[in-house]
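Geometric and topological summary
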Amino acid sequence: MTGVLPRTGQAVAADGTRLAYQWHGTGRPLVLLAGQANDHTWWDRARGDFPSTITMDYRGTGASDVPDSAYSTPGFADDVIAVLDALEVSEADVYGTSMGGRVAQWVAARYPGRVRRLVLGCTSPGGTHGVERSNDVRLALARRSSVEARETLENLMYTPAWRAANPGPYRVLGAHGMPPHAVRGHLVASNTHDAWDVLPEITAPTLVLHGDDDLLAPVANAPLLTRRIPDARMHLFAGARHAYFDECRPESSDLVGDFLG
């Protein structure tokens, strides 16, 4: 895809919110959904591993509108469909990581005819069935200065050895310029996610991926999703943390590509 300009524009959600999108490449698209409070740049390292990708800026991030209203993972799923409608894409593969995996669960469950194959990475079913991060991790993120919190988040995303060899910048640490109400909205959307009851309704072939040293979204969530979604399969990356999709390239991208077929 080197040298090919992306197709960019804005879709309009049902409530009038404008949603920025980016379509790179040609052919059947793979929708890539980023983590909480991040925009499409989350996928900058891995995007080029796939021949055709659609990314978007969630409401509250990037070039999308920033409404001061309730945010939710089902609502974000509706926004994904608004983007596909604007691009006249009737069916796509969907790959969501972290909160993007939570959103992807709702896309596949609520819009089964729009999802050909589904990949869920470093994510959780949420609710009472999901395995939440430990209090130690929560406190480490909440009780530090912005510099220390950034370093903590980097350490949760990547192993020290990989960071030493890949000094950044890292695109997975939060979108720039988000106002406080949008940051809070994304946090609430992720924390209140609960797709447990609808997971058995997912009909798309599903691949569940996770780093086995992930403390941000504990790896115990991967087998929960795999058992709950009909005929899902699972792969764990040994020693990888939350951003396995960066650190474990090209293996992780090759695995996704083979699954999508």
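In case you missed it, the structure is sitting above this.
Residues numbered from 1 in each chain as written. Predicted model: local features only at pLDDT ≥ 70, side-chain atom pairs only at ≥ 80, totals over all residues. Heavy atoms only, no water.

On to the overall build of the chain, then. Within the chain, the regular secondary structure consists of 9 helices and 8 strands. Here the chain has a C-alpha radius of gyration of 17 Å; the compact-globule value for 261 residues is 18 Å, and the two agree. With the principal axes as the frame, the chain shows a C-alpha extent of 45 × 40 × 40 Å. Relative to its full complement of 261 residues, the chain shows a buried share of 54%. The contacts in the chain between residues at least 6 apart in sequence include a share of 71% that link residues at least 24 apart. Working note: accessible area of the chain is about 11300 Å², and carbon and sulfur atoms make up 50% of it. (Helix = DSSP H or I, 4+ residues; strand = E, 2+ residues; numbered from the N terminus. Rg over C-alpha atoms; globule rule 2.2 N^0.38 Å. Buried < 20%, exposed > 50% of the residue type's maximum accessible area, 1.4 Å probe, protein only. Contact = heavy atoms within 4.5 Å. Areas by Shrake-Rupley, 256 points an atom, 1.4 Å probe, with all protein chains shown as cover.)

Let us look at the environment of Ala175. When you line up the elements, Ala175 lands in the loop between α5 (160-165) and α6 (180-191). A residue is classified by how much of its surface remains accessible, and Ala175, at 15% relative accessible area, is buried. Apart from the residues within four sequence positions on either side, Ala175 is in contact with Ala37, Asn38, Asp39 and Thr61.

So, on to the nonpolar core. Counting residues in hydrophobic clusters, the biggest one holds 80 residues, and the most contacted among them are Leu33, Tyr95, Val103, Leu118, Met157, Tyr244 and Phe245. With sequence-adjacent residues up to four places away left out, Leu118 is seen in contact with Val94, Ala104, Ala108, Ile202, Ala204, Pro205, Thr206, Leu207 and Phe259. (Core = buried A, V, L, I, M, F, W, Y, C linked by side-chain atoms within 4.5 Å.)

Attention now moves to the state of the cysteines. Across all of its chains, the model carries 0 disulfides by this definition. Cys122 provides the cysteine sulfur closest to Cys248, a residue in no disulfide bond, and the two sulfurs are 11 Å apart. (Disulfide = S-S within 2.5 Å.)

Along helix α7 (residues 221-228), the residues classified as buried are Asn221, Ala222, Leu224, Leu225 and Thr226. Elements that come into contact with the buried residues of α7 comprise α2 (99-110), β7 (206-211) and β8 (233-237).

So, about helix α9 (residues 251-260). For α9, the set of buried residues is Ser252, Ser253, Val256, Phe259 and Leu260. What you see down the axis of α9 is that its buried residues fit within an arc of 125°, all on one side. Tucked inside the fold, the buried residues of α9 contact β3 (30-33), β5 (92-97), β6 (115-121), β7, β8 and α8 (244-247). Directly after α9, the chain includes Gly261, whose backbone phi takes a positive value near 70°. (Arc of directions from axis to C-beta.)

The subject of this paragraph is the pattern of salt bridges. Side chains that differ in charge, positive against negative, can pair when their charged atoms come close. Using the criterion set out here, one finds 13 salt bridges in the structure. Between Asp49 and Arg249 there is a salt bridge, with the nearest N and O atoms lying 2.5 Å from each other. Highlighted residues: Asp49 in the loop between β3 and β4 (52-56) and Arg249 in the loop between α8 and α9, separated in sequence by 200 residues. A salt bridge links Asp93 to Arg116; its shortest N-O distance comes to 2.9 Å. Placement of the pair is Asp93 in strand β5 and Arg116 in strand β6, with a sequence separation of 23 residues. The exposure class of Asp93 is buried, given its relative accessible area of 2%. Taking relative accessible area as the criterion, Arg116 reaches 23% and is therefore assigned partly exposed. Sharing partners across several salt bridges, the network here consists of Asp15, Arg59 and Asp79. (Salt bridge = Lys/Arg side-chain N within 4 Å of Asp/Glu carboxyl O.)

Turning our eyes to something else, we now look at the packing of aromatic side chains. Under the counting rule described, the total for this entry stands at 11 aromatic pairs. Measuring from centroid to centroid gives 4.4 Å for Tyr158 and Trp162, while their planes differ by 20°, and the two rings are stacked. Note on Trp162: relative accessible area 12%, which makes it buried. Lying over the aromatic face of Phe259, Arg117 brings its terminal NZ or CZ to 5.0 Å of the ring centre. (Phe/Tyr/Trp six-rings, centres within 6.5 Å; stacked < 30°, edge-to-face > 60°. Lys NZ or Arg CZ within 6 Å of the ring centre and 35° of its normal.)

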